[in-house]
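# A structural walkthrough
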Amino acid sequence: MDRDLLQEAGRRLSGWERTMILTHVRPDGDGLGAMAALKRVIESAGRQATAYVYAEIPDRYKFLGESGGFIFWQDDDPQKIDAQFDGILIFDTCSWSQLEPVADYLRKSSLPKIVVDHHDTNDDLATMNSNALYIIDSTAASTSEIAYAWLRAMNSPIDSLTAEALFTGIATDTGWFRFSNTNSRTFLWAADLLESGIRPDKLYATIYSSYSLERLRLMGHMLSTLELHADGALAIMSITREMFDKTGAKATDTEELVNEPLDTGPVAVSVLLSEMRDGRIRVNFRSKAPEVAGVDVDVSQVAKQFGGGGHQRASATRVEGKLDEVRKRVTAAILSILNAQPAQ
Ligand SMILES: [Mn+2]
C-alpha cells in the first residue's frame, strides 16, 4: 500500500478536531469495524469523532458500538451539519447508491473527505471533489485491512478494543479466512492484531453463533422457495414481506442467508431476493471461485446489469418490480452466463 498516501491521509485526519465517520447502508462487520477502530483512535488522541449509521445495526455487531457507540444519522441543512465537523471519513464504499441516506448532504458538503475502500465498483463518488483523498485498494480483502495499514503508517497506538474492531472487519469480510479474497497479508495482519490479546473464539461466538430464533424460522421459509437450475449450478431463493411478518424477523436477520446453498457441492451461484419495506426487491448474489466451482460467474457484472455492484464473488442490488418478475429476470441473466461457459 502506498505509504506516502497513507501518511498524507494521516496528516489530514490529525488536522481535524471534529471528524464525521460514515459507512455504507446495511453496514457489515467491515464497515462497522473500521468505523469503531478509527473512532477509538481519534478519541484516544483527544479529538472528537462521530460515527453514523442510518438504521438499527445487526445485533451481532452491537459490541462494536459499546465504547462510544454509533449515532443515528439525522438529516439537516447541509451548512448546519458542515458547521459541526472539520472533515469526513468514508469507509467501505465508493458508490453513491451505497450512501443513499447521506448522498444529498455529501453532494452539498464542502468539508474535506478521506475515502477508504476495497471495492471494484465505484462511481463518481470517486471523483467527488478536489478536497477529497482516496485510499482505494481492491487487492485488500477488507477495508479494515487498509485501515490497519493506515494506523500503522500513522504510528497510531492500537489498543485491544481497536484491534478487536479491525480483526472483526478482516475476519468477517473474508468469511473467517475462508473466502477467495483471503491472502497472506490477511493472515499476517490478523496475527499482528491477535498480539493485543483479543480472543478470536469469543469474537466468533459473538458474531456467528448469536442468531435469533426469528432468523431460523425465516430461513425455513426461505428454503421452501429454493429452486435449482442448470443441474444445481444456480440456487435461487426468495423472502417475502409475509415471511417477515409471520416470523417476526427483521431485515437484518437476512444477513448471510444467501450463503446457505453454497455449502452444497454443485452450487456455483446463489441468489437471494428479499422484499424490502419500501416495495423494492433487494437481490444478493454470491458465487464460488472458478477453481472450486468449475464455472466462472462474476456476480459484480450481474449486479451491475441490475443497477448494483460489488465484488466478483459477492454483490448486491435493489430493484423496482414484482418479486416473481425480478426473480425470472435474474435467473435468466445468470443462466445465460452459465450456458455460455465452455463445457468442463
Ligand atoms: Mn468490506
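For clarity, every value in this text was computed on a predicted model and none was experimentally measured. (Residues numbered from 1 in each chain as written. Predicted model: local features only at pLDDT ≥ 70, side-chain atom pairs only at ≥ 80, totals over all residues.)

### Here we look at the overall build of the chain
When helices and strands are tallied, the chain shows 13 helices and twelve strands. Relative to the compact-globule value of 20 Å for 344 residues, the chain shows a C-alpha radius of gyration of 20 Å, a close match. With respect to the three principal axes, the spread of C-alpha positions in the chain is 55 × 45 × 40 Å. Out of the 344 residues in the chain, the part that is buried amounts to 42%. Residue pairs in contact within the chain that sit at least 24 positions apart in sequence constitute 70% of those at least 6 positions apart. (Helix = DSSP H or I, 4+ residues; strand = E, 2+ residues; numbered from the N terminus. Rg over C-alpha atoms; globule rule 2.2 N^0.38 Å. Buried ≥ 20, exposed ≤ 12 C-beta atoms within 10 Å, placed from the backbone. Contact = placed C-beta atoms within 7 Å.)

### Digging into the domain arrangement of the chain
Under the domain assignment used here, the chain contains domain 1 (3-208) and domain 2 (213-339). The interface of domain 1 with domain 2 comprises eight residues on the first partner and eight residues on the second. Of the residues that constitute the side of domain 1 that touches domain 2, the class distribution is two nonpolar, four polar and two charged. (Domains from an automatic or database assignment. Nonpolar A, V, L, I, M, F, W, Y, C, P; charged D, E, K, R; others polar.)

### Description of the environment of Gly-33
Looking at the element boundaries, Gly-33 is found in helix H2 (residues 29-44). Gly-33 sits in the buried class, given 31 other C-beta atoms within 10 Å. Residues Gly-33 and Ala-163, 130 residues apart in the sequence, show an inter-C-alpha distance of 9.3 Å. The residues contacting Gly-33, other than those within four sequence positions of it, are Leu-64, Ser-144, Ala-165, Leu-166, Thr-168 and Gly-169.

### Things to note about the sheet that holds strand E4 (residues 87-91)
Hydrogen bonds between backbone atoms are what pair the strands of a sheet, whose relative direction is either parallel or antiparallel. Here six strands make up an open sheet; going across it, the order is E3-E2-E1-E4-E5-E6 and the pairing parallel. The sheet terminates laterally at strand E3 (71-72) and strand E6 (132-136), the two strands that pair on one side only. Bridging between strand E1 (residues 18-23) and E4 involves five bridges; their strand directions are parallel. When the bridges of E4 are listed, Thr-23 appears paired with Phe-91. Docked against the sheet, helix H1 (residues 3-14) engages E1, E4, strand E5 (113-117) and E6, running at close to 135° with respect to E6. (Pairing = 2+ DSSP bridges. Axes fitted to C-alpha atoms, helices over the stretch in contact; angles between N-to-C directions.)

### Details of the packing of H1 against helix H5 (residues 143-153)
The axes of two packed helices give the description: the angle between them and the distance between them. Following both chains from N to C, one finds H1 and H5 inclined at 75°, their axes separated by 9 Å at the closest point. Relative to H5, the element H1 lies roughly perpendicular. Of H5, the residues touching H1 (which contributes Arg-3, Leu-6, Gln-7, Ala-9 and Gly-10) are Ala-149, Trp-150 and Ala-153. Taken together, the residues of the contact of H1 with H5 break down into five nonpolar, two polar and one charged. (Parallel < 35°, antiparallel > 145°, perpendicular 65-115°, else oblique.)

### What to know about H2
For H2, which comprises 16 residues, the first-to-last C-alpha distance of 22 Å matches the rise-based estimate of 22 Å (1.5 Å per residue) to within 8%. Summarising burial for H2: 14 of the 16 residues are buried, a large majority. (Expected span 1.5 Å × (residues − 1).)

### With respect to the packing of H2 against helix H6 (residues 160-173)
It is the contact of H2 with H6, at a shortest axis distance of 8 Å, that shows an interaxial angle of 160°. The angle between the axes of H2 and H6 places the two elements in the roughly antiparallel class. Between H2 and H6 the crossing geometry is left-handed. Residues Gly-29, Asp-30, Gly-33, Ala-34, Ala-36, Ala-37, Arg-40 and Val-41 of H2 form the contact with H6, whose own contacting residues are Leu-161, Thr-162, Ala-165, Leu-166, Thr-168, Gly-169, Thr-172 and Asp-173. Residue composition of the contact of H2 with H6, by class: seven nonpolar, six polar and three charged. (Left-handed = near helix turned anticlockwise from the far one by under 90°.)

### Description of the nonpolar core
Side chains that are nonpolar tend, in soluble globular proteins, to be buried together. Residues Ile-21, Met-35, Ala-37, Leu-38, Val-116, Ala-147 and Leu-166 are the most contacted members of the largest nonpolar core, which totals 53 residues. Broken down by element, the residue count for this core peaks at eight residues, all from H2. Among residues more than four places away in sequence, those in contact with Val-116 are Ala-34, Phe-91, Ile-135, Thr-143, Ile-146 and Ala-147. By size, the runner-up hydrophobic cluster in this structure holds 31 residues, among which are Val-269, Leu-272, Val-326 and Val-330. (Core = buried A, V, L, I, M, F, W, Y, C linked by C-beta atoms within 7 Å.)

### Brief notes about unusual backbone geometry
Across residues other than glycine, the phi torsion is negative in most instances, and most of the peptide bonds are trans. Phi angles above zero are rare outside glycine, and Arg-26 is one such case at about 50°. Inspection of the secondary structure assignment puts Arg-26 in the loop between E1 and H2. A tally of 18 C-beta atoms within 10 Å means that Arg-26 is categorised as partly exposed. One non-glycine residue with positive phi stands out, namely Asn-155, at about 55°. With respect to the helices and strands, the residue Asn-155 is situated in the loop between H5 and H6.

### Points about the pairing of strand E9 (residues 269-275)
The buried count for E9 comes to seven of seven residues, which makes it a mostly enclosed element. The alternating pattern of E9 places Val-269, Val-271, Leu-273 and Glu-275 and Ser-270, Leu-272 and Ser-274 on opposite faces, both of which are buried. Note: strand E8 (residues 234-239) against E9, six bridges, orientation parallel. Its bridge partner being in E9, Leu-234 is matched across the sheet by Val-269. Pairing between E9 and strand E10 (residues 281-287): seven bridges, direction antiparallel. Bridge pairing links Val-271 to Phe-285 in E10. The antiparallel pairing of E9 with E10 creates a hairpin that spans five residues between the two strands, and Gly-279 there sits at a positive phi of about 95°.

### Quick look at the sheet that holds E9
The six strands lie next to each other as E7-E8-E9-E10-E12-E11, forming an open sheet whose pairing is mixed. Each having just a single partner strand, strand E7 (227-229) and strand E11 (309-310) make up the two edges of the open sheet.

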